[in-house]
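# Coordinates in review
Here's the letter readout for the chains.
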Amino acid sequence: MLGPIPSPTPVPIHFAPRLGASAEPAEAIPIIDIRSTARSVTVATLEDGIRVDVLAGLSKPYNEKELPGLLLYNEEGLRLFEQITYQPDYYLTGLEIDILSRHAHQIANSIPNGAILLELGAGALRKTALILDALETQEKNVTYFALDLDKPELLRTLAELNGRYTHVSLAGLWGTYDDGCTWLKQINDRPRIILWLGSSVGNMTRKEAGQFIRTFGDVLAPRDRFIIAIDSRYHKVDSIRAAYNDRAGVTRRFALNALNNVNDLFNVDVVDVSCFDYNPYYNEILGRNEAYFRCRKETQVRVPSETPILIHEGEYIRFGFSHKYDRVEKQLLWTAAGAYPVQEWMSRDEDYALTMLSWTS
């Protein structure tokens, strides 16, 4: 059984010295379990839910089949995705690092002393560290919370920053986005800044994205802010296509690992991975990359105690998409979220942005 959601007050933060300073060894960074017992979000129930989604998605008609994107993010998937962010073809990380390298101190200026900085789906922290470094230089006593559902990943990435700061404190939150929003409601005595990097908003439909951001906006006070990274439609089409199908083939391995994860999920080989290939498609009309598996030869998905599911040669199975936003679509997104952009930091070609949102005009 999971314990109750922890109280926001007794978080044991330890101020660690800079690397190279003469001091005692840094304390372990605390990881707070905020998974909700009310929703019983345990590994077992999460996996049960994914199994249900897999069966439901594969039971759809020809060329309408789909798989949940969560299959991508097992331990191997997280490792491969980090490799993707280092690929020259994956322009998103490079543009974001460029923005943060040039504007980190401006972003830090907008974060009050004593604030809580909560990052959604933190993952690797090499981009976030640019902001934390700027906060440290400004000697701001800010507490940074990395939110992620993968506890080993939290431990690994936060450990890389352990001992780096004296003013910035570090902690992890182990839970879902919903858990993070619930936890945030309890923290109302300090300014709250939410950070959502990587253009992760693109993984949601445009309607879902507006609703998701509004959910956090409903929790935030007038002094609080939400910083979101968002990619645009204004790249060359070939550049977008290459970003999701890099020359080194890392994205292909990342995608096919999701099918291996299906077999792990059911503890038996239900999918013959060799029958599929990764087939992304950039939909210029809808402004989104669509990720598909294409069946190379007819096969069956055989789940124990279930009727075998026939997959035809040439059939497509969608497992994700990445939406891009033009200027009007961004304005519509902010409107759907009930938010107002108060500051924006752009890439040199103005094709990628970090936008700071407020819920007071």
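All values derive from a computational prediction rather than experimental measurement.

## Some thoughts on the overall build of the chain
A count of helical and extended segments in the chain gives 10 helices and 14 strands. In terms of overall size, the chain behaves like a compact globule, its C-alpha atoms giving a radius of gyration of 21 Å where 361 residues would be expected to give roughly 21 Å. The principal-axis extents of the C-alpha atoms in the chain amount to approximately 60 × 50 × 40 Å. Across the 361 residues in the chain, those meeting the buried criterion constitute 51%.

## Some points on the confidence of the model for the chain
Predicted confidence across the chain gives a mean pLDDT of 89, with 90% of residues reaching 70 or more. Contacts from residues 1-25, a stretch scored under 50 in pLDDT, to residues over four places away or in other chains number 52 contacts.

## A word on the state of the cysteines
What we call a disulfide is simply a covalent bond connecting the sulfur atoms of a pair of cysteines. Taken as a whole and judged by the stated rule, the model has zero disulfides. Considering cysteine sulfurs only, C275 is the nearest to C295, which forms no disulfide, with 6.0 Å between them. Here C295 falls in the buried class, since its relative accessible area comes to 0%.

## Side note on the pattern of salt bridges
Per the stated rule, a full pass over the model turns up 24 salt bridges. We note a salt bridge from R348 to D98, for which the minimum N-O separation is 3.1 Å. Residue R348 is found in the loop between β13 (340-346) and β14 (352-358), and its partner D98 is found in helix α3 (residues 91-109); the two are separated by 250 residues along the sequence.

## A closer look at helix α9 (residues 250-266)
The end-to-end C-alpha separation of α9 is 25 Å, in line with the 24 Å expected for 17 residues at 1.5 Å each. The buried fraction of α9 amounts to 13 of the 17 residues, a majority that puts the element mostly inside the structure. Directly beyond the C-terminal end of α9, a positive phi value near 55° is found at N267.

## Focus on unusual backbone geometry
Non-glycine residue E139 carries a positive phi angle of around 55°. Structurally, the position occupied by E139 is in the loop between α4 (128-137) and β3 (143-148). A residue is classified by how much of its surface remains accessible, and E139, at 54% relative accessible area, is exposed. The phi torsion at S199 lies on the positive side, around 55°, for a residue other than glycine. For S199, the location among the structural elements is in the loop between β5 (192-196) and α7 (206-217).

## Focus on the packing of aromatic side chains
This structure, assessed with the given rule, holds 16 aromatic pairs. Here the aromatic cluster, defined as three or more aromatic residues joined through ring pairs, consists of Y177, W196, F212, F216, F226 and W359. Between R35 and the ring centre of W174, over which it is positioned, the NZ or CZ distance is 3.6 Å. When the ring centre of Y86 is taken as origin, the NZ or CZ atom of R126, which lies over that ring, is 3.7 Å away.

## Some words on the sheet that holds strand β4 (residues 169-174)
With respect to topology, eight strands assemble into an open sheet ordered β1-β4-β3-β2-β5-β6-β14-β13, the strand pairing being mixed. The open sheet has two edge strands, β1 (31-33) and β13, and neither has a second partner. Each strand axis lies, on average, 25° off the axis of its neighbour in the sheet, ignoring direction. This element, helix α5 (residues 151-159), spans β1, β3 and β4 of the sheet and lies at about 170° to β4. Strand contacts of helix α6 (residues 177-185): β2 (116-120), β3, β4 and β5, with the helix running at about 170° to β5, the strand carrying the most contacts.

## Notes on helix α2 (residues 75-84)
Within the sequence span of α2, burial applies to G77, L78, L80 and I84. Around the axis of α2, the buried residues are gathered within 165° of arc, so they sit on the same side. Where the residues of α2 are buried, they touch α5 and α9.

## So, the pairing of β3
Summarising burial for β3: six of the six residues are buried, a large majority. Covered by surrounding structure in β3 are T143, F145 and L147 together with Y144, A146 and D148, the residues of both alternating faces. As judged from the five bridges shared by β2 and β3, these two strands associate in the parallel manner. Within β3, the position partnered with L120 by the bridge is L147.

Cut-offs and rules
Residues numbered from 1 in each chain as written. Predicted model: local features only at pLDDT ≥ 70, side-chain atom pairs only at ≥ 80, totals over all residues. Heavy atoms only, no water. Helix = DSSP H or I, 4+ residues; strand = E, 2+ residues; numbered from the N terminus. Rg over C-alpha atoms; globule rule 2.2 N^0.38 Å. Buried < 20%, exposed > 50% of the residue type's maximum accessible area, 1.4 Å probe, protein only. pLDDT = per-residue confidence, 0-100. Contact = heavy atoms within 4.5 Å. Disulfide = S-S within 2.5 Å. Salt bridge = Lys/Arg side-chain N within 4 Å of Asp/Glu carboxyl O. Expected span 1.5 Å × (residues − 1). Phe/Tyr/Trp six-rings, centres within 6.5 Å; stacked < 30°, edge-to-face > 60°. Lys NZ or Arg CZ within 6 Å of the ring centre and 35° of its normal. Pairing = 2+ DSSP bridges. Axes fitted to C-alpha atoms, helices over the stretch in contact; angles between N-to-C directions. Arc of directions from axis to C-beta.

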